[in-house]
Amino acid sequence: MARREGGPGVGTRAVAALGLLVGFYVLATVLIVVLFALVVVIGVLVQVYLHVSVAGVGTVLVGAFGGWSLLSGLFRSAKEDDAPPLGIRVGPADEPALWAEVTEIARTAGARVPDEIYLVPDVNAFVYQRSRLLGLVRGRTVLGLGLGLVAVLDRAELRAVLVHEFGHISGGDTRLGPLLYRSKARILHMVRALTADERVASRLLALVFRSYFKLFLRYSTAVSRAQERAADRASVRVSGGAATASALVKISIADKVFDFLLEAYVAPLWERGRTPEDLYGGLRALYAEPGRQELYGKVREAALAEETGRWDSHPALGERLALIGALPGPAAVPGGGPARTVLADPDRAERAVAALLTRAATRGAELAPVAWDASADSYAPAVAETAAAFRSHALVAGGRWNAGGLDAALELIAAGRVLDLARALNAEVPEDSAAALVRGPLGAALAEHVVTGHGGAWVFSWAEGIDARWSGTAPDALADRALEGAEGVAAVRAELGLGAVDLTPVPPLTTEEPAHAG
Amino acid sequence: MPVEHAPAEPALDPTFGDPDARRFQAALRAGDRGTVRDVLAAAGADGRPFLLRLVTELPGRPSWLDAWVDADGTADAHLARGAHGIGWAWAVRGTARAEHTSREQFQGFFERLRAAEADLEKAAELAPDDPEPWAQRVITARGLQLGHEELARRFTRVIERHPWHRRAHTQMVQGLAAKWSGSDELMLNFARERAAASPPGRAVAACVVEAHIEISLTLDDDDTARYFAAPAVLDELRAAAAHSVDHPSWPSEPDAVRADNLFAYAFTFAGDSAAAARRFEAIAGRVTEEPWNYVDDDAVKGFQRFEKRVARNVR
C-alpha cells in the first residue's frame, strides 16, 4: 500500500497515527471516568463518615457533572467541524464548465467526484470530507474554490491546483490524511479548552493530553507532508511541472496581496460606509501593479528561503518546487487563458462572493458601492485623521500650545529631536526606529497640508494607495527630505512657505522682576 | 487688603452669594426663561461665563431649554442649551478616568456632547463676536477628543474676543493636562505664557497655580507639601499671587473667588500660612468644589480642615 506514492514508511506511520487517534479517545474517556469516579467516591465517604450530607451530595453532583461536561466536550465538536464553508454553493446547472472540469480532473486523479462545490472568498482551494462517527467514516466530499485564487491563475494552473487537491482524497496512502487533519484539529481544540479551564482537574488532564498530542503530531505531520508531496506529484503528472510550480508561487504571493488589499484598501472603505464595486478586480490590479513587483519579488524570495519545520503540515515552498522540478511530466501545458473563464459569469460570481465576505466582515452593515477609480475621497478622511492625530501629538511633544502641529513636528526634527516626536506617537519606540515611525504620519500630515493649503488633490493608485498630488514635491518625498535633518527641514519649509516656530520652554514667573513684561 | 465680605459659614454655593446669580439660578430652576434670557443678556463679558456655569450644573434636561430654542432660536438660547448639554453629557459619563468608564457611558456622553456642540456652533454663527460659544467649545473639544490643535484653535477664537476670559483659561489648563493626553510641560508653558502676558489683577495668572495643582495630583500628601514648598514653585506661586489676587486692581466679581481658593490650597500645602490666611480671609466661606474635592470627598470639609490648619499656624 505504501509502495506506489508515499515512499517507504508512510503507510506504517499513517496506521500508527490512526492507532494513536483511537488511543486518544480511549485515554480521554478512561482518564475522565477515573478522575471523577474518585471525586464521587470521596464525596460518598465524606457523606458516610462525617455526615455532612448536603456538602457530600453537592460534591458528588459537581464531580459527576464536571466529568460529563468534559466527556461531552470531547465528542461534541464534530458538529462544529461540519459547518459548510463561507461561500456560495454552485451546482452543475450554475457552473457547467467548472463542474465538467472538476469531474474530469477527479477521475484523472482517481478521486471521488465532489458532491458539493463552494465558491469561497480567499486565495485558497480545499477538498474535505464531512465527518461522521468522530471522523472514522467518510462523509460527503466538498470542494472549496477561492475566487482570490481563480482571479490570479490561468486555466492550466487552476487545473494543477485542482489535481493537487484531489490528490488528497484519492486512494492509497492519502486516505487517512483528511481524517488525521480533522482529528488533529479536534484534539488541539480539546487541549486548549482544558488549558483554559480553571479547574485543577482540567489542568491535570490538559498536561497528560498535551504530551499525548505531541506524540500524535509527530506521526500526523509527517503523514500530512508526505500527502502534500504525493498531491504535488499528481499535479505534475497531469498538468506539468511548469504550471504546478507557477501556481504554487502565484498563490503564495497572491495570498499576501489579498490580505494587504483587505487591510489597506477595503477595510478603510468599509469604515466609511462604502464597499468596492469590484473587489476581485482590485486583487487582479494590485497583483499585476508594475510598481509593486519588486516588493512581490522579495516576498517570493522570503517564501523560497523558508525551511520545513518539524510541526508544519506542508513542506516549505522551496522544497516543493525542487521536488516538482525533478519530476517528469508533460513538457508544456498551454495556459488556456485566465482561470476565471471557467466560470459561467465570473463578474457575477465575484460580486456575489465579495458581498458574502463583506456581510460577514461588517456584520451586514449598509454599504454604498464605489468604483476603485472614484474611491480617493473615501480614503481622504482616514488620512486626515492620521494627520490630525500626528499634529496633535507633535504639538504636545513641542510643548507649546500655539505652535501648529506640523510646525512643531518640523521644528523638533530640525532640532534633532525626532525621538521626542516618535515617543509622543508611541512611548515604547526604540531609538533606531524613531524616524521610520514618524515618516508615515508625517507624510500624511504633509499630504493633507498640500491638499488644504496648496491646491493639491487626493489621488488613488494601486502603486501608492491614496496620495496627495500637487505641483510640488510628493508628500512622502517631502517627509523623507525633512527627516534628513535641519537642512532638509529648511528645504521643506521653503517649498511649503512655512516658518520656524519657537519651542523653548517659557520661564517660570518669579518675584525677582515684574511678571508682566509688556 | 480689607475684608469686603462678612465671614460666613463655609458653603458650596455656585452663586457665591451674588444677588443676580441667585435670581438667575432661581429662574433656571423655575424654568422662567424670560428672566434667564434677560439676566444673561445684561451680564458683562466676565459675568456671562459665570452664569452659564450655573446652567451647566442644572440637573436633568429641563424641557424649557428646548422650548426656548424652538420659540426664539436666538444665539443665547442655543448657547444656554449647549452649555447645559456639556454638564448633562458629563453626568452620564461620570468623572472616572477613561479606563473606568463603560462603553455605554461613553456612547451617551459623546451623543449628548455632539448635540451640545451643534448648539454651540449655531450660537457662534448667530453671535460671531461672542467669546462664550467658543469658550464652551474649548470644553467640548476635550470631551470629544478632537486633539490639541483643535483645542488651541478654539481657545484662540476665545482670546481674540476676550483675551482674559477666566473660564476658558481654566478649561485650557485642563485640556492641556497629561490626563487629557497633554503633558505637564505643555500645560505649564501655556499657564506661564498667558500669566506673563496678562495685565495685573487678572485671574489668568492663577492658571500657574492651577497647573501646579494639576501636576501635584499624582503625589501623596507629603510629596504634595514638598512639591509646593520647593523654592522654585513657592516663588512662582507668590509671583502669580502678586500679579493677581494680591494686586490692588483685583476685581470684586463673584467668581474671581475661585482663584483665591486655588491659592489658599497651594499656600497651605507650601506651609506659607500667612499667604494662605490672606486667601481664606478673602474667600469668606465661598468654597469652590475644586481644589478641595482633591483632599476630601466633601469639599467643604476639606476646606475647613485646611483653614483650621492655617489658623493654628498663624496664631
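Calculation criteria
Residues numbered from 1 in each chain as written. Chains lettered and ligands numbered in written order. Predicted model: local features only at pLDDT ≥ 70, side-chain atom pairs only at ≥ 80, totals over all residues. Heavy atoms only, no water. UniProt positions renumbered as here; feature names shortened; annotations may be inferred. Helix = DSSP H or I, 4+ residues; strand = E, 2+ residues; numbered from the N terminus. Buried < 20%, exposed > 50% of the residue type's maximum accessible area, 1.4 Å probe, protein only. Contact = heavy atoms within 4.5 Å. Areas by Shrake-Rupley, 256 points an atom, 1.4 Å probe, with all protein chains shown as cover. Pairing = 2+ DSSP bridges. Buried area = accessible area lost by both parts, 1.4 Å probe. Salt bridge = Lys/Arg side-chain N within 4 Å of Asp/Glu carboxyl O. Polar contact = N/O pair within 3.5 Å; in protein donor to acceptor, adjacent residues only side chain to side chain. Core = buried A, V, L, I, M, F, W, Y, C linked by side-chain atoms within 4.5 Å. Domains from an automatic or database assignment. Patch = residues over 30% accessible without salt bridge, like charges linked within 9 Å, V, L, I, M, F, W, Y side chains within 5 Å. Lys, Arg positive; Asp, Glu negative; His and termini not counted. Charge placed at Lys NZ, Arg CZ, Asp CG, Glu CD. Expected span 1.5 Å × (residues − 1). Arc of directions from axis to C-beta. Axes fitted to C-alpha atoms, helices over the stretch in contact; angles between N-to-C directions. Parallel < 35°, antiparallel > 145°, perpendicular 65-115°, else oblique. Phe/Tyr/Trp six-rings, centres within 6.5 Å; stacked < 30°, edge-to-face > 60°. Lys NZ or Arg CZ within 6 Å of the ring centre and 35° of its normal.

Where an unreviewed UniProt entry is consulted, chain B appears under the name DUF4034 domain-containing protein, with the organism given as Actinomadura parmotrematis.

Chain A has the name M48 family metalloprotease in an unreviewed UniProt entry, where Actinomadura parmotrematis is given as its organism. Under Subcellular location (unreviewed entry), UniProt gives the following word-for-word description of chain A: "Cell membrane". Regarding chain A, the UniProt comment filed under Cofactor (unreviewed entry) reads as follows: "Zn(2+)".

Peer 1: Got a minute to help me understand the overall build of chain A in this structure?
Peer 2: Broken down by element type, chain A carries 19 helices and eight strands. Classification of the 518 residues of chain A by burial places 47% in the buried group. Taking the intrachain contacts of chain A between residues at least 6 apart in sequence as the baseline, contacts between residues at least 24 apart amount to 72%. Accessible surface for chain A amounts to roughly 24700 Å². Of this, 58% is attributable to carbon and sulfur atoms.

Peer 1: I keep staring at the overall build of chain B and nothing clicks. Help me out?
Peer 2: Summing up its helical and strand segments, chain B has 17 helices and two strands in all. Counting over 315 residues, chain B shows a buried share of 56%. In chain B, 66% of the contacts between residues at least 6 apart in sequence involve partners at least 24 apart. Surface accessibility of chain B: about 13200 Å² in total, with carbon and sulfur atoms responsible for 50%.

Peer 1: Got a minute to help me understand the pairing of strand β8 (residues 465-469) of chain A in this structure?
Peer 2: Look at any regular strand and the pattern is simple: side chains alternate between the two faces of the sheet. Residues and elements named next belong to chain A. As paired elements, strand β7 (residues 457-461) and β8 share five bridges and run antiparallel to each other. For F460, the partnering residue across the bridge sits in β8 and is I466. Connecting β7 to the next strand, β8, in antiparallel fashion are three residues.

Peer 1: Can you walk me through the environment of E125 of chain B in this structure?
Peer 2: All names here are of chain B. With respect to the helices, strands and loops of the structure, E125 is situated in helix α6 (residues 103-126). A relative accessible area of 57% places E125 in the exposed class. Linking E125 and A75, residues 50 residues apart in sequence, is a C-alpha distance of 8.0 Å.

Peer 1: Before we go on, may I ask you to explain the interface of chain B and chain A in this structure?
Peer 2: Quite often, the size of an interface is put as the accessible area lost when its parts meet. Of the residues lining the interface, 32 residues belong to chain B; the matching set on chain A comes to 21 residues. Contact between chain B and chain A buries roughly 2100 Å² in total, counting both sides, with carbon and sulfur atoms accounting for 60%. For chain B, the biggest contributors to the area lost against chain A are E149, N189 and E193 of chain B; these three give 27% of the whole. Inspection of the region where chain B meets chain A yields two salt bridges. One can count nine residue pairs in polar contact (both at pLDDT 80 or more) joining chain B with chain A. Elements with a contribution of two residues or more to the side of chain B that touches chain A: α8 (148-161), α9 (166-176), α10 (184-197) and α13 (231-243) of chain B.

Peer 1: Before we go on, may I ask you to explain the nonpolar core in this structure?
Peer 2: Taken as a class, soluble globular proteins show a tendency for nonpolar side chains to be buried jointly. Counting 103 residues, the largest nonpolar core has L149, L261 and L442 of chain A as the members making the most contacts within it. Counting residues per element, this core draws most heavily on helix α9 (residues 241-271) of chain A, at 15 residues. When we break this core down by domain, the ones giving at least three residues each are domain 1 (88-176 + 220-370) and domain 2 (375-496) of chain A. Those residues in contact with L149 of chain A that lie beyond four places of it in its chain are D122, V123, N124, A125, L158, V161 and I251 of chain A. Judged by nonpolar contacts, the second largest core, of 100 residues, contains V396 of chain A together with I86, L234 and A259 of chain B.

Peer 1: Is there a simple way to think about the pairing of strand β2 (residues 116-120) of chain A in this case?
Peer 2: All names here are of chain A. In terms of burial, β2 is a largely internal element, five of the five residues being buried. Burial along β2 is two-sided: E116, Y118 and V120 facing one way and I117 and L119 facing the other are all buried. Sheet topology places strand β1 (residues 88-90) next to β2; three bridges connect them, and they run antiparallel. Directly across from I88, in β2, lies its bridge partner L119.

Peer 1: Hey, could you run me through a positive patch on the surface in this one?
Peer 2: Residues and elements named next belong to chain A. Positive charge collects at one region of the surface, where R210, K214, R218 and R310 lie side by side. Summarising the element assignment, R218 is placed in helix α8 (residues 200-239). Relative accessible area serves as the criterion here: at 51%, R218 is assigned to the exposed category.

Peer 1: Hey, could you run me through the environment of A254 of chain A in this one?
Peer 2: Structurally, A254 of chain A can be placed in helix α9. A relative accessible area of 0% places A254 of chain A in the buried class.

Peer 1: How do you make sense of the pattern of salt bridges when you look at a structure like this?
Peer 2: Opposite charge on two side chains lets them pair, provided their charged atoms get close. Residue and element names in this part refer to chain B. Per the stated rule, a full pass over the model turns up 49 salt bridges over all chains. One salt bridge in this structure joins R37 and D72, with 3.8 Å as the shortest N-O distance. Taken together, the residues R37 in helix α2 (residues 33-42) and D72 in the loop between α4 (63-71) and α5 (75-93) connect sequence positions 35 residues apart. On the basis of relative accessibility, which here comes to 36%, the residue R37 falls in the partly exposed class. For D72, a relative accessible area of 35% gives the class partly exposed. A salt bridge links R161 to E160; its shortest N-O distance comes to 3.6 Å. The partly exposed category is assigned to R161, whose relative accessible area is 30%. Overlapping salt bridges bring together E117, E121, R137, E150, R153 and R154 as one network.

Peer 1: Help me understand a negative patch on the surface, please; the structure alone is not making it clear to me.
Peer 2: Residue and element names in this part refer to chain A. The grouping of D122, D255, D259 and E263 at the surface amounts to a negative patch. Checked against the element boundaries, D259 lands in helix α9. Taking the relative accessible area as the measure of exposure, D259 reaches 46% and is therefore partly exposed.

Peer 1: Can you help me understand unusual backbone geometry in this one?
Peer 2: Negative phi characterises most residues that are not glycine, and trans characterises most peptide bonds. Between E290 of chain B and the following residue, P291 of chain B, the backbone shows a cis peptide bond with an omega angle of 5 degrees. Even without being a glycine, R363 of chain A presents a positive backbone phi close to 55 degrees. The residue Q145 of chain B is not glycine, and still its phi comes out positive at about 55 degrees.

Peer 1: So what exactly am I meant to see when it comes to helix α1 (residues 19-30) of chain B here?
Peer 2: Residues and elements named next belong to chain B. Taking 1.5 Å per residue, 12 residues should reach 16 Å; α1 reaches 16 Å between its end C-alpha atoms and fits that length. For α1, the complete set of buried residues consists of A21, F24, Q25, A27 and L28. Projected onto a plane normal to the axis of α1, the buried residues spread over an arc of 160 degrees and lie on a single side. Exposed and facing more than 90 degrees away from the buried side of α1 are P19, R29 and A30. Close packing links the buried residues of α1 with α2, α3 (47-56) and α4. Directly beyond the C-terminal end of α1, a positive phi value near 70 degrees is found at G31.

Peer 1: What exactly am I supposed to notice about the packing of helix α10 (residues 279-288) of chain A against helix α13 (residues 346-362) of chain A here?
Peer 2: Residue and element names in this part refer to chain A. Direction vectors running N to C along α10 and α13 enclose 100 degrees, while the axes themselves pass 8 Å from each other. In terms of orientation, α10 and α13 fall into the roughly perpendicular class. Every residue of α13 that contacts α10 at L279, Y280, G281 and R284 is listed here: E350, V353, A354 and L357.

Peer 1: So what exactly am I meant to see when it comes to a nonpolar patch on the surface here?
Peer 2: There is a patch of nonpolar side chains on the surface, built from V41, V44, L45, V48 and Y49 of chain A and spanning about 480 Å² of accessible area. Tracing the chain through its elements places V41 of chain A in helix α1 (residues 10-50).

Peer 1: Quick question: what am I supposed to make of the packing of aromatic side chains here?
Peer 2: We describe a pair of aromatic rings using the distance from one ring centre to the other and the angle between the two ring planes. Overall, the coordinates contain 32 aromatic pairs over all chains when judged by the stated rule. The interplanar angle of 20 degrees and the centroid separation of 6.0 Å between the aromatic rings of W372 of chain A and F460 of chain A together place this pair among those described as stacked. With W372 of chain A in the loop between β6 (368-370) and α14 (376-398) and F460 of chain A in strand β7, the pair connects residues that are 88 residues apart, well separated along the chain. The pair formed by W372 of chain A and F460 of chain A is uniform in burial state, with each residue classed as buried. With a centroid separation of 5.3 Å and 70 degrees between ring planes, the pair formed by F280 of chain B and F303 of chain B is classed as edge-to-face. One end of the pair, F280 of chain B, is in helix α15 (residues 273-283); the other, F303 of chain B, is in helix α17 (residues 299-314), and 23 residues separate them in sequence. In this structure, F280 of chain B and F303 of chain B share a single accessibility class: buried. Grouped by ring-pair contacts, the aromatic residues Y227, F228, Y265, F269, F280, W292, F303 and F306 of chain B constitute a single cluster. In this arrangement the basic side chain of R142 of chain B is found over the ring face of W180 of chain B, its NZ or CZ atom lying 5.2 Å from the centre.

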